[in-house]
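Geometric and topological summary
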Amino acid sequence: MKYGYKRPLTNDEDSKFQLIDIQNIETYKEQHPYMKKRNELEALVMKLSKFDELFVQNFVVLADSLTHFQDLLRVFDRDQVTVTFIDENIKSTDILTMNLIEILELMTDLQTKIKRHQSIFGVREAQKQGKVIGRPKKSDDNLNRAFYMYESKEYTLQQIKDETGISKSTLYRYLDQIKQ
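Time to look at the nonpolar core. Among the nonpolar cores identified, the biggest contains 28 residues, and Tyr 5, Leu 54, Val 56, Leu 62, Phe 76 and Phe 85 are the most heavily contacted of them. Breaking this core down by element, the ones donating at least two residues are strand S1 (2-6), helix H1 (39-47), strand S3 (53-56), helix H2 (59-62), helix H3 (66-78), strand S4 (82-85) and helix H4 (100-128). Once residues within four sequence positions are removed from consideration, Phe 76 is found in contact with Val 45, Leu 48, Leu 54, Leu 62, Val 81 and Val 83. The next biggest cluster of nonpolar side chains, apart from the first, holds nine residues, and it includes Ala 146, Phe 147, Ile 160 and Tyr 174.

Here's what the structure looks like:
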């Protein structure tokens, strides 16, 4: 039997662009992009049996870490299930025939994609909760004091930094913004 698994990705939050070329498969779709509570994946893994085929768009759809990826591949290998990763154009059975450099390239790519996926969705979730993302702004009082000290030409950049906590690059960036 052929199965498919989808979940929201950074560039496909609705999973619309996953598995579009695969016909006649039973598809399981996760409703969220997060690591925990992947109920659809769990249900799918429990349903798979010998000689089934699983199609996923790419590595990140399936796994949340290298360990998770390794664990899933072990389960699939034990159950004699073949997984096809469409974007990577590889099947789980092909991994056994790859040389070490090719495997390391795949794993490095997977790790990079997983970190990007988790970071982007983590930032989006924090923003939904009203958290401010990024470096906090410098206070206006400190900025005005730094501008005054700089314009007076009586202070060195190091003295301005020591007094206000505003670095040379930050000061110049704000001065450039004022000039524009």
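Burial of the side chains of S4 extends over both faces: Thr 82 and Thr 84 are buried on one face and Val 83 and Phe 85 on the other. The sheet contact formed by S3 and S4 spans four bridges and is parallel. Bridging from a neighbouring strand, Glu 53 pairs with Thr 82 of S4. As paired strands, S4 and strand S5 (residues 90-91) are joined by two bridges and run antiparallel to one another. Note that in S5 the partner of Phe 85 across the bridge is Ile 90. Remark: four residues form the turn of the hairpin made by S4 and S5, two consecutive strands paired antiparallel; Asn 89 in that turn has positive phi of roughly 55°.

All right, on to the pattern of salt bridges then. Tallying each qualifying case throughout the model produces nine salt bridges. Note that Arg 124 and Glu 13 form a salt bridge whose closest N and O atoms lie 2.5 Å from each other. Placement of Arg 124 in helix H4 and of Glu 13 in the loop between S1 and strand S2 (26-29) is noted, with a sequence separation of 111 residues between them. Residue Arg 124 is classed as partly exposed on the basis of its relative accessible area of 27%. Close ionic contact of Glu 26 with Lys 47 constitutes a salt bridge, the shortest N to O distance being 3.0 Å. Of this pair, Glu 26 sits in strand S2 while Lys 47 sits in helix H1, and the two are 21 residues apart along the sequence. Several salt bridges converge on common partners, so that one network encompasses Arg 7, Arg 38 and Asp 64.

Here is what the cut-offs are and how they apply
Residues numbered from 1 in each chain as written. Predicted model: local features only at pLDDT ≥ 70, side-chain atom pairs only at ≥ 80, totals over all residues. Heavy atoms only, no water. Core = buried A, V, L, I, M, F, W, Y, C linked by side-chain atoms within 4.5 Å. Buried < 20%, exposed > 50% of the residue type's maximum accessible area, 1.4 Å probe, protein only. Helix = DSSP H or I, 4+ residues; strand = E, 2+ residues; numbered from the N terminus. Contact = heavy atoms within 4.5 Å. Pairing = 2+ DSSP bridges. Salt bridge = Lys/Arg side-chain N within 4 Å of Asp/Glu carboxyl O.

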